[in-house]
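# Observations on chain architecture
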Amino acid sequence: MAMQTKERPVPNGVMLELTGDLTYANREQFKTAVESIRQKGCRHLILNMADVRFVDSSGLGLLALVSQNFKLSQGKVSMLKPQSYVREIMSLANIQKLIPVYENEQDALAGQPKAA
Amino acid sequence: MKPETSEAPQTVLVVDDEPTARVALAARLKRLGYRVLQAGDGKAGLDLLRRERPDLTILDWMMPEMDGPSFCETVRRDPTLLSSQILMMTGNDQPEQIAEGLARGADDFLSKAASKYEITARVQAGIRAAGLIRRLEDVTAEIRQKQEALEQELQSAARYVESLLPASGPVVPGVRMARLYRPSLALGGDLFNIVPWSDDFLGLYLLDASGHGVSPALRSSAFATFLRRDSLMRHVGSNDPGAILTEANKQFPLTERGHYFTIVFASLDLRCRILSYASAGHGGALLHRRSGEVCWLAQPNLPLGFDPSTTYVTATLPIEPGDRVYLLSDGLYEFPAANGELWGQERLETTIRALAQQPLETVIAETIAEAVRAQGHEQFPDDVALMGVEIERELG
């Protein structure tokens, strides 16, 4: 399934709404969307995963890469509301250690690690 | 594409049983700068066509024995000739006849009453089409050749990767290994090995490079070199799986395209009856005890390269004679079954449990066969490797 991305500003950051699968086939689209946000100087990227059905191994690598790149430019990446299957894949790979996971936008904005 | 080396004149073959008409047309074509071949009947025409591969053939309809349309049909049935350009000439240019001629294989028509301008124009059009077809054929042949060369390269690389894998059979006295490897493309990014470090101590691993094709295979074989015993002694100075992965994590950062390894690394200490292991984002490892109990060797850990500061920790489990350890690719359970659902770890575990009484080789073969049945076809979407290790002997 193809991926759609939609960004909107939030206090001190950008929310990127993702729809579709975060997979090898959609990697360029995802990378382009995220890189353009980072190059605009964004310090906090929040990935809204509520409408992402599937993340494959290539998608996991991209998430790690994005998190490393934001760290290099003194920024951070958070994740909002992953679906249960995606959450399972990510917890097997312990991704929440790199990218904190939140259940609502307020917590993500405040950076309170309420949910894991 | 090869550059045009010379401007050799193009060749036109004229096939006509009437000498006067044939010679007159040939003379006209020569004046236009073409090299001209002549044949007085269809059979001689076919011989010349085969031998000389002219750019264009101008063919009379009415000829004894083999007429024009039969000539065309013969050409179109012959794979080496079928792309020849044929211009059919007739005195009777009724639409029905033209249609029949085209249907039987002519490319174009020329009336015997045509003006010399029309003849020139149709010949040029035919030559133009022949040139395009010839270029297409050359390019296709070149692509096919390059493709074959590339495939041979891949096959030879695949044989190299296979040569890195251990052979099924006894590893040390009392420990047997059986394995199966099914790369999704010619070249796989999954590698595994089992190496006796002494008679009582074995190191084993299975690694999975993300992505498919040449680049993961190259990265995997570099990693396999790092995991050789002498290299580990030099870089890590320890047998400890956690220490090995912690160092590997520093040596193999995420690539700039976001590629990485997952791996499970284990050691079997036969004297102390201990299985030690550490894993980095790899879910495919389990211990199947002779008692029937199954323990997945799972640790929720980052894959290698995700965070250079990660420390990987060794976990241990006691082992007994008759226990079996399986290391496997996640491709063996993370594939969609025929009903669209993921096949999953639970079904894999059930399959392996059901085969508990079978010899190790049978478990390996039957597990893969069951997964093939579940997905409904032979071709896994991802690399699939499965290595089983059985402790047979009475341990010290």
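Because the structure is predicted, anything quoted here is derived from the model rather than measured.

A few words on the overall build of chain A. For chain A, the count of helices and strands is four helices and five strands. Secondary structure of chain A in N-to-C order comes out as β-β-α-β-α-β-α-β-α. The C-alpha radius of gyration of chain A comes to 13 Å, within 12% of the 13 Å expected for a compact globule of 116 residues. Referenced to the eigenvectors of the C-alpha coordinate spread, the extents of chain A come out at roughly 30 × 30 × 25 Å. Burial statistics for chain A: of 116 residues in total, 39% are counted as buried. Sequence separation of at least 24 residues holds for 66% of the intrachain contacts in chain A that already meet a minimum separation of 6.

On to the sheet that holds strand E3 (residues 56–60) of chain B, then. Residue and element names in this part refer to chain B. If you trace the five strands from one edge of the open sheet to the other, you get E2-E1-E3-E4-E5, paired in parallel fashion. Because the sheet does not close on itself, it has two edges, and the strands there are strand E2 (35–39) and strand E5 (108–111). Here the strands of the sheet are splayed against their neighbours by 25° on average, with no regard to which way each runs. Where E3 lies against strand E4 (residues 86–90), four bridges are found, and the strand directions are parallel. Across the sheet, residue Thr57 finds its bridge partner in E4, namely Ile86. Relative to E2, helix H1 (residues 19–31) is tilted by about 170°, and along the sheet it contacts strand E1 (11–15), E2 and E3.

Of all hydrophobic cores here, the largest spans 93 residues; its most connected members are Tyr205, Val264 and Leu327 of chain B. Sorting elements by how many residues they give to this core places helix H2 (residues 57–72) of chain A first, with seven residues. For Tyr205 of chain B, the contacting residues outside a window of four places in its chain are Phe192, Asn193, Leu227, Ile263, Val264, Phe265 and Ala266 of chain B. Within the second largest apolar cluster, 26 residues are counted, among which are Leu25, Leu29, Phe71 and Ala106 of chain B.

All names here are of chain B. Alignment of strand E6 (residues 169–172) against strand E7 (residues 175–182), held across three bridges, turns out to be antiparallel. Each residue of the ladder has a partner; that of Pro170, found in E7, is Arg176. What sits between the antiparallel neighbours E6 and E7 is a turn of two residues, in which Gly174 has the positive phi angle 90°.

A few words on the environment of Asp21 of chain A. Residue and element names in this part refer to chain A. Positionally, Asp21 belongs in strand E2 (residues 13–22). By C-beta crowding, Asp21 is classed as partly exposed, having 18 other C-beta atoms within 10 Å. For the pair Asp21 and Glu7, spaced 14 residues apart in sequence, the C-alpha to C-alpha distance is 17 Å. Those residues in contact with Asp21 that sit more than four places away from it in its chain are Met1, Met3, Asn26, Val52, Arg53 and Phe54.

Here we take up the domain arrangement of chain B. The extent of an interface is frequently quoted as the accessible surface area lost upon association of the parts. Looking at the assigned domains, one finds that chain B contains domain 1 (11–141) and domain 2 (165–391). For domain 1 of chain B and domain 2 of chain B, the distance between their C-alpha centroids amounts to 66 Å.

Within strand E11 (residues 274–280) of chain B, five of the seven residues are buried, which leaves it mostly tucked inside the rest of the structure. Between strand E10 (residues 261–269) of chain B and E11 of chain B, which pair antiparallel in sequence order, lie four residues; one of them, Arg273 of chain B, sits at a positive phi of approximately 55°.

The next subject is helix H9 (residues 344–354) of chain B. Residues and elements named next belong to chain B. Regarding H9, the residues found buried are Leu348, Thr351 and Ile352. Looking straight down H9, one finds that the buried residues subtend no more than 95° of arc, so they occupy a single side. Along H9, exposed side chains directed more than 90 degrees from the buried face belong to Glu346 and Arg353. Where the residues of H9 are buried, they touch strand E12 (285–288), strand E15 (324–328) and helix H10 (360–375).

On to the packing of helix H2 (residues 42–52) of chain B against helix H3 (residues 68–77) of chain B. All names here are of chain B. Relative to each other, H2 and H3 sit at 30°, their axes nearing to 10 Å. Taken as axis vectors, H2 and H3 run roughly parallel relative to one another. In this structure, H2 crosses over H3, and the sense of that crossing is right-handed. Facing H2, whose interface residues are Gly42, Gly45, Leu46 and Leu49, H3 presents Ser70, Phe71, Thr74 and Val75. In the contact of H2 with H3, the residues fall into four nonpolar, four polar and no charged.

Opposite the 13 residues of chain A that make contact, chain B presents 14 residues. Among the elements that make up the side of chain A that touches chain B, the one with the highest residue count is H2 of chain A (seven residues). Looking at the side of chain A that touches chain B residue by residue, the class counts come to six nonpolar, six polar and one charged.

Time to look at the confidence of the model for chain B. All names here are of chain B. Per-residue confidence for chain B averages 91 on the pLDDT scale, and 97% of its residues sit at or above 70. Note that pLDDT drops below 50 for residues 1–5; the model gives that stretch three contacts with residues more than four away or on any other chain. Our summary of model confidence lists the complex with pTM equal to 0.78 and ipTM equal to 0.85.

This next bit is on the packing of helix H1 (residues 27–39) of chain A against H2 of chain A. Residue and element names in this part refer to chain A. Running from N to C, H1 and H2 point in directions that differ by 10°, and their axes come no closer than 11 Å. As the angle between them shows, H1 and H2 are arranged roughly parallel. Two packed elements cross with a definite hand, and for H1 against H2 that hand is right-handed. Residues Arg27, Phe30, Lys31, Val34 and Arg38 of H1 pack against Ser58, Leu62, Val66, Asn69 and Phe70 of H2. Partitioned by chemical class, the residues of the contact of H1 with H2 number five nonpolar, two polar and three charged.

Residue and element names in this part refer to chain A. Strand order in this open sheet of five strands is E1-E2-E3-E4-E5, and the pairing throughout is mixed. The sheet is open, and its two edges are formed by strand E1 (4–10) and strand E5 (101–102), each paired on a single side. As judged from the five bridges shared by strand E3 (residues 44–55) and strand E4 (residues 76–80), these two strands associate in the parallel manner. Considered in E4, the bridge of Leu45 is made with Val77.

Definitions and cut-offs
- Residues numbered from 1 in each chain as written.
- Chains lettered and ligands numbered in written order.
- Predicted model: local features only at pLDDT ≥ 70, side-chain atom pairs only at ≥ 80, totals over all residues.
- Helix = DSSP H or I, 4+ residues; strand = E, 2+ residues; numbered from the N terminus.
- Rg over C-alpha atoms; globule rule 2.2 N^0.38 Å.
- Buried ≥ 20, exposed ≤ 12 C-beta atoms within 10 Å, placed from the backbone.
- Contact = placed C-beta atoms within 7 Å.
- Pairing = 2+ DSSP bridges.
- Axes fitted to C-alpha atoms, helices over the stretch in contact; angles between N-to-C directions.
- Core = buried A, V, L, I, M, F, W, Y, C linked by C-beta atoms within 7 Å.
- Domains from an automatic or database assignment.
- Arc of directions from axis to C-beta.
- Parallel < 35°, antiparallel > 145°, perpendicular 65-115°, else oblique.
- Left-handed = near helix turned anticlockwise from the far one by under 90°.
- Nonpolar A, V, L, I, M, F, W, Y, C, P; charged D, E, K, R; others polar.
- pLDDT = per-residue confidence, 0-100.

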